[in-house]
Amino acid sequence: FYRKIAPLVRRERTARSFSYTGTAFALVKNRMIHFHIVTLFPESIEGYLNASIIGKAQEKKKIKVSYYNPRDFTREKDARVDRRPYGGGPGMVLEPDAILRAVAKAVGTKKDVEIIFFATDGEQLTESMSQTLSNKKHIVFICGHYEGIDARVEHILKARLVTVGPFVLTGGEL
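Novice: If you had to explain the pattern of salt bridges to someone new, which residues and values would you point to?
Specialist: One side chain can pair with another of opposite charge once the charged atoms of both are near each other. The final tally for this structure, using the stated rule, is 6 salt bridges. Salt-bridge contacts for Lys136 lead to Asp112; the nearest nitrogen and oxygen are separated by 3.7 Å. With a gap of 24 residues between them, Lys136 in the loop between α5 (127-133) and β8 (138-142) and Asp112 in the loop between α4 (96-107) and β7 (113-124) connect regions that are remote in the sequence. Three or more residues are tied together by salt bridges with common partners; here these are Asp112, Glu114, Glu123, Lys136 and Arg160.

Take a look at the structure:
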């Protein structure tokens, strides 16, 4: 997750100090942006986001970050969230039910929500896209693991497929 938004955070130097007025994902029209991160491993990024420049933005109430672990939304008593792909294929994918429930909790009745589904075949994240996203009040990031997330999730949510570059990371939140 950090690699996706940290390069977009720009600091504008003033005569006496630094200000956070030029961030792509921060206060744009004097309002806060709320990031909702759906991930199996929130602890892998939570500490970093609270200690970095993004942590400072949170302290100043410019952004808010919430985490949703699909394991908390599964109906399985063993909290299992991975299954064989519905259409067949190798490996395991994250099942749609737990992901959809986590996103439903994140979105609730909110308006002005953008749902981002990280995928290697998605649209390249650019500064232009970041500027467009900065006009949203709520941005939901769906971070995959294993072989990915069941393809039905993307279609049901009408999520925007986004990639950060021509490479594969161990998890979507990285």
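What follows picks up the thread again.
Novice: I'd like a description of the environment of Asp97, backed by residues and values.
Specialist: In this structure, Asp97 sits in helix α4. Residue classification places Asp97 among the partly exposed positions, given a relative accessible area of 28%. Residues Asp97 and Asp150, spaced 53 residues apart in sequence, show a C-alpha to C-alpha distance of 9.5 Å.

Novice: Give me the lowdown on the sheet that holds β7, citing residues and values where you can.
Specialist: Across the sheet, 5 strands lie side by side as β4-β3-β8-β7-β9; this open sheet has parallel pairing. In this open sheet, the two edge strands, each paired with only one partner strand, are β4 (63-68) and β9 (160-163). The sheet shows a mean angle of 30° between the axes of neighbouring strands, taken without regard to direction. Here helix α2 (residues 43-51) sits on the sheet in contact with β3 (33-38) and β4, set at roughly 165° to β4. Here α4 sits on the sheet in contact with β3, β4, β7 and β8, set at roughly 165° to β8.

So, how was this worked out
Residues numbered from 1 in each chain as written. Predicted model: local features only at pLDDT ≥ 70, side-chain atom pairs only at ≥ 80, totals over all residues. Heavy atoms only, no water. Salt bridge = Lys/Arg side-chain N within 4 Å of Asp/Glu carboxyl O. Helix = DSSP H or I, 4+ residues; strand = E, 2+ residues; numbered from the N terminus. Buried < 20%, exposed > 50% of the residue type's maximum accessible area, 1.4 Å probe, protein only. Pairing = 2+ DSSP bridges. Axes fitted to C-alpha atoms, helices over the stretch in contact; angles between N-to-C directions. Contact = heavy atoms within 4.5 Å.

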